[in-house]
Amino acid sequence: MHQLDAAVQECRACKQNWHMKHSLDSWYAYFSNWVSIGSCSVVTASIVPGQKIVLPEAQFYDCLQEWFLTDFGRNKKNDIVMEDGKISGWREYVTPIKTENLYEDGRTYLTDMRRVLGQYGIEKTYAYSKDLLTMEMFVVLVKETVISCASSIAAIFCIVMLITCSLRISLLVLLCVVQTDYFLCAMLPLFDLTFNNVVAIYLLTSLGLSVLYAMQFSHKFLNVDAPDALDRKE
Amino acid sequence: MGPSALHGAIATLIGLAIMAVGHKSYTFNVLTKMWLGIVLFGLFHTFVFMPTIFSLLGPATDAKRKKSTRRKVFFQKIESMNDS
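Computed from a prediction, not measured in an experiment: that's the story for all the values here.

**Q** Please clarify how the overall build of chain B should be interpreted in this entry.
**A** The secondary structure content of chain B amounts to three helices and zero strands. Taken from N to C terminus, the helices and strands of chain B fall in the order α-α-α.

Below, the structure written as structure tokens:
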């Protein structure tokens, strides 16, 4: 816990120190201070003033329950998740510095934080804030959109092949579908839109709708003969 | 084929127009613009791109294949009649 707090505060092995100095707000720091000044009745005898101590498990939980009865402990109780009388999770707060470019710095920050938490945190430790969701989007958006579109296009190809039994038709339908998506991407600046998660969803939706048009046409093309000059005359 | 695709597109656009007028939020703004693009590009492909590309690169249609088979059978019959 000490290690994690120090690593988060210093942002160890980060590209830069992303956090404001002394901004880490951890219930454990307050609790340790409370114990070290001899406020916990269970361990008062073994306290050396000014020295931080690591409590044995039984004493730790006794002291914690006692701390929860104080005003400050009661306020911090919401940051701790208890299961069967033992801590199963907790929450800490740290304030990041302001960054100019969220797209570039945000992605680096997220990567750095994940490395720190993976290295020093317990299992399943993760960082969360509204900004991190935006940064997360910058990290995975393009990759996920490309993967989703590619798998959809592969599925479309298989289905069109099954329906038409023609490789040439399937490839042409695929060309139309890919073109529609490509044109839509090209139109984004003209529509005054930026590439984000909402747009990514509609790009995927467009695959479905464009295949509808293309498939109808190609199916009709295979089944109905085009009228010749004589037919047109009639 | 043409009228049904056009009817579908017009129906989508009418629905879209109602949403475009009624909502001013970002999500609906994106929805309106993107769907407008999807429908227009879909129509462009159906009425312009696909007929052209299919007539140039498309395979022989089932109807054409049947017609040529019928013609072959017809000429074979005439030949056999002439022979006899």
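Still more ground to cover, so stick around.
**Q** Which parts of the structure should I look at to understand the overall build of chain A?
**A** Secondary structure assignment for chain A yields nine helices and two strands. Along the chain direction, N to C, the helices and strands of chain A fall in the order α-α-α-α-β-β-α-α-α-α-α. Across the 234 residues that make up chain A, the buried fraction comes to 18%. The contacts in chain A between residues at least 6 apart in sequence include a share of 61% that link residues at least 24 apart.

**Q** Honestly, the pairing of strand 1 (residues 80-83) of chain A in this entry has me stumped. Any pointers?
**A** Both faces of the sheet carry side chains from a regular strand, because those side chains alternate between them. Residues and elements named next belong to chain A. Pairing analysis gives four bridges linking strand 1 to strand 2 (residues 86-90), with the strands arranged antiparallel. Pairing of Val81 across the sheet is with Gly89, part of strand 2. Turn length for the strand 1-strand 2 hairpin, with the two strands adjacent in sequence and antiparallel, is two residues, and the turn residue Asp84 shows positive phi of about 55°.

**Q** Can you walk me through the nonpolar core in this structure?
**A** Across soluble globular proteins, nonpolar side chains have a tendency to be buried as a group. Grouped together as the largest cluster of nonpolar side chains are 17 residues, with contacts concentrated most on A:Val173, A:Cys176, A:Val177, A:Val211 and A:Ala214. With eight residues, the next largest nonpolar core counts A:Val199, A:Leu203, B:Met34 and B:Val39 among its residues.

**Q** Is there a simple way to explain helix 1 (residues 2-22) of chain B in this structure?
**A** Structurally, the α-helix is built with 3.6 residues per turn, so residues lying three or four positions apart point the same way. The first and last C-alpha atoms of helix 1 of chain B sit 31 Å apart over 21 residues, in line with the 30 Å expected at 1.5 Å per residue. Burial analysis of helix 1 of chain B places just zero of its 21 residues in the buried class, a small minority of the element.

**Q** In this structure, what is going on with the interface of chain A and chain B? I would like to understand it.
**A** Bring the parts together and some accessible area is lost; that lost area is often taken as the interface size. Taken together, the contacts link 28 residues of chain A with 25 residues of chain B. Of all the elements in the fold, those that place two or more residues in the side of chain A that touches chain B are helix 7 (167-187) and helix 8 (197-223) of chain A. The residue inventory of the side of chain A that touches chain B, partitioned by class, reads 18 nonpolar, seven polar and three charged.

**Q** I'm lost on the packing of helix 1 of chain B against helix 2 (residues 26-57) of chain B in this one. Help?
**A** When two helices pack together, you describe them by how their axes are tilted relative to each other and by the distance separating the axes. Residue and element names in this part refer to chain B. At their nearest, the axes of helix 1 and helix 2 sit 10 Å apart, and the two run at 170° to each other. Taken together, the axis directions place helix 1 and helix 2 in an arrangement best described as roughly antiparallel. Two packed elements cross with a definite hand, and for helix 1 against helix 2 that hand is left-handed. Of helix 2, the residues touching helix 1 (which contributes Gly2, Ala5, Ala9, Thr12, Leu13, Leu16, Met19 and Ala20) are Phe28, Leu31, Thr32, Trp35, Leu36, Val39, Gly42, Leu43, Thr46 and Phe47. Classifying every residue of the contact of helix 1 with helix 2 by side-chain character gives 13 nonpolar, five polar and no charged.

**Q** Please explain unusual backbone geometry as it appears in this structure.
**A** Most peptide bonds are trans, and most residues other than glycine sit at a negative phi. Residues and elements named next belong to chain A. The phi dihedral of His22 falls on the positive side, at around 55°, and the residue is not glycine. When you line up the elements, His22 lands in the loop between helix 1 (2-10) and helix 2 (27-36). Phi at Asp192 takes a positive value of approximately 65°, unusual for a residue other than glycine. Note that Asp192 resides in the loop between helix 7 and helix 8.

**Q** I would appreciate a short explanation of the environment of A:Met135 in the present structure.
**A** Residues and elements named next belong to chain A. The residue Met135 is located in helix 6 (residues 130-164) in this model. Distance from Met135 to Asp105, taken between C-alpha atoms, is 8.8 Å for residues 30 residues apart in sequence. Leaving out residues up to four positions away in the same chain, Met135 has contacts with Leu102, Gly106, Arg107, Tyr109 and Leu110.

**Q** I would appreciate a short explanation of helix 3 (residues 57-68) of chain A in the present structure.
**A** Residue and element names in this part refer to chain A. The end-to-end C-alpha distance of helix 3 is 17 Å, a good match for the 16 Å that twelve residues give at a rise of 1.5 Å each. Within the span of helix 3, buried status applies to Cys63, Leu64 and Trp67. Here the buried residues of helix 3 occupy an arc of 105° about the axis, which is enough to place them on one side. Looking at the buried residues of helix 3, the elements they touch are helix 2 and helix 4 (71-76).

**Q** Could you clarify how one ought to interpret the confidence of the model for chain A in this entry?
**A** Residues shown with low pLDDT carry predicted positions that ought not to be read at fine detail. Of the residues in chain A, 92% reach a pLDDT of 70 or more, and the chain-wide mean stands at 84. The element-level mean pLDDT for chain A is lowest in helix 9 (residues 229-233) of chain A, coming to 64, with helix 7 of chain A highest at 92.

**Q** Got a minute to help me understand the environment of A:Asn17 in this structure?
**A** Residues and elements named next belong to chain A. Tracing the chain through its elements places Asn17 in the loop between helix 1 and helix 2. Along the primary structure Asn17 and Asp112 are separated by 95 residues, whereas in three dimensions their C-alpha atoms are 9.7 Å apart. Beyond its immediate sequence surroundings of up to four residues, Asn17 is in contact with Glu10 and Cys11.

**Q** Explain the confidence of the model for chain B to me, please; I cannot follow it from the model alone.
**A** Residue and element names in this part refer to chain B. Considering every residue of chain B, the mean pLDDT works out to 82; 93% of them sit at 70 or more. When the elements of chain B are averaged for pLDDT, helix 3 (residues 62-83) gives the smallest value, 79, and helix 2 the largest, 88. Scored as a complex, the prediction yields pTM 0.65 and ipTM 0.70.

Cut-offs and rules
Residues numbered from 1 in each chain as written. Chains lettered and ligands numbered in written order. Predicted model: local features only at pLDDT ≥ 70, side-chain atom pairs only at ≥ 80, totals over all residues. Helix = DSSP H or I, 4+ residues; strand = E, 2+ residues; numbered from the N terminus. Buried ≥ 20, exposed ≤ 12 C-beta atoms within 10 Å, placed from the backbone. Contact = placed C-beta atoms within 7 Å. Pairing = 2+ DSSP bridges. Core = buried A, V, L, I, M, F, W, Y, C linked by C-beta atoms within 7 Å. Expected span 1.5 Å × (residues − 1). Nonpolar A, V, L, I, M, F, W, Y, C, P; charged D, E, K, R; others polar. Axes fitted to C-alpha atoms, helices over the stretch in contact; angles between N-to-C directions. Parallel < 35°, antiparallel > 145°, perpendicular 65-115°, else oblique. Left-handed = near helix turned anticlockwise from the far one by under 90°. Arc of directions from axis to C-beta. pLDDT = per-residue confidence, 0-100.

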